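Okay, here's what each chain looks like letter by letter:
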Amino acid sequence: MGTTSTVLLWVLGVLALTGGVLVFTLNSMARVTFALLASLVCVGGVVTLLRLPYLGVVIVLMMVMEMVIMAVFMIAYMMNPAGLMPMSMLHNKRGSLVISGLVFAALVAGIFLVPWPDRTGARPKDTTFQVGMALMGDQMLTMVTLGFVLLATMVGATVLATHRGRYDRFGDDLDQRPANDPSGGGVGR
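So, here's what we can say about the structure. None of these values were measured; they are calculated from a predicted model.

### Observations concerning the overall build of the chain
On a plain count of helices and strands, the chain comes out with 6 helices and 0 strands. Expressed as a percentage of its 189 residues, the buried residues of the chain come to 16%. Sequence-distant contacts in the chain: of pairs separated by 6 or more residues, those separated by 24 or more amount to 54%. Counting every atom, the chain has about 14500 Å² of accessible surface; 72% of that belongs to carbon and sulfur.

### Regarding the packing of helix 1 (residues 3–25) against helix 2 (residues 29–49)
Look at helix 1 against helix 2: their axes get within 8 Å of each other, and the N-to-C directions meet at 155°. One finds that helix 1 runs roughly antiparallel with respect to helix 2. Like other packed secondary-structure pairs, helix 1 and helix 2 cross with a definite hand, here left-handed. Contacts between helix 1 and helix 2 pair Ser5, Leu8, Leu9, Leu12, Gly13, Leu15, Ala16, Gly19, Gly20, Leu22 and Val23 from the former with Val32, Ala35, Leu36, Ser39, Cys42, Val43, Gly45, Val46 and Leu49 from the latter. Split into classes, the residues belonging to the contact of helix 1 with helix 2 amount to 14 nonpolar, 6 polar and no charged.

### Quick notes on a nonpolar patch on the surface
Taken together, the side chains of Met143, Val144, Leu146, Phe148, Val149, Leu150, Leu151, Met154, Val155 and Val159 make up a nonpolar region of the molecular surface, amounting to roughly 940 Å² of accessible area. Tracing the chain through its elements places leucine 151 in helix 6 (residues 140–161).

### Digging into the side chain of threonine 33
Mapped onto the elements, threonine 33 comes out in helix 2. What threonine 33 contacts, discounting residues up to four positions off in sequence, is Met67, Met70, Ala71 and Met74.

### So, the nonpolar core
Leu12, Ala16, Cys42, Val46 and Leu49 form the largest nonpolar core, which has 5 residues in total. Those elements giving two or more residues to this core turn out to be helix 1 and helix 2. When residues no more than four places from it in sequence are discounted, the contact partners of leucine 49 are Met1, Ser5, Leu8, Leu9 and Leu12.

Here is what the cut-offs are and how they apply
- Residues numbered from 1 in each chain as written.
- Predicted model: local features only at pLDDT ≥ 70, side-chain atom pairs only at ≥ 80, totals over all residues.
- Heavy atoms only, no water.
- Helix = DSSP H or I, 4+ residues; strand = E, 2+ residues; numbered from the N terminus.
- Buried < 20%, exposed > 50% of the residue type's maximum accessible area, 1.4 Å probe, protein only.
- Contact = heavy atoms within 4.5 Å.
- Areas by Shrake-Rupley, 256 points an atom, 1.4 Å probe, with all protein chains shown as cover.
- Axes fitted to C-alpha atoms, helices over the stretch in contact; angles between N-to-C directions.
- Parallel < 35°, antiparallel > 145°, perpendicular 65-115°, else oblique.
- Left-handed = near helix turned anticlockwise from the far one by under 90°.
- Nonpolar A, V, L, I, M, F, W, Y, C, P; charged D, E, K, R; others polar.
- Patch = residues over 30% accessible without salt bridge, like charges linked within 9 Å, V, L, I, M, F, W, Y side chains within 5 Å.
- Salt bridge = Lys/Arg side-chain N within 4 Å of Asp/Glu carboxyl O.
- Core = buried A, V, L, I, M, F, W, Y, C linked by side-chain atoms within 4.5 Å.

Taken by themselves, the reported measurements are silent on function.
So, in structure tokens, the structure goes:
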């Protein structure tokens, strides 16, 4: 790993940690959501820098969509205005501080006390292929086929859910003018 990658790794790590701390110090759900998003995007960058680009991109895409959906639903359905009212994300502050401190200490101790194995063999050239094989093994063709079936199911369900097509408002021969729009501006009034 070069100097630029090492510096970028440290910067992204610090930003991820800062975003994680902001999750517990900001005072509104909307702000917490975007702090969590920033933290997880930085984690995706760290994973990408560790030469696992597929997993890094998947983390970023998944977290962006998840956090945006969460923010939209908070704005739409929360009782306070857009999740911006002051609130605290901390409950049982002393107990949670003790538990989190103990867990952090145990994890750090584990990093230094566990006898990590040495690498055997050469590093694979295509890490994306290796991750795919590790996750799905011999079921790769099944999963690809399943992906196409799910896509076809979603498109089919959307087509069946709409009661009329794009050009139905112009009539069978597409000669109905003005168009029969559901808004009441055409012939069907």
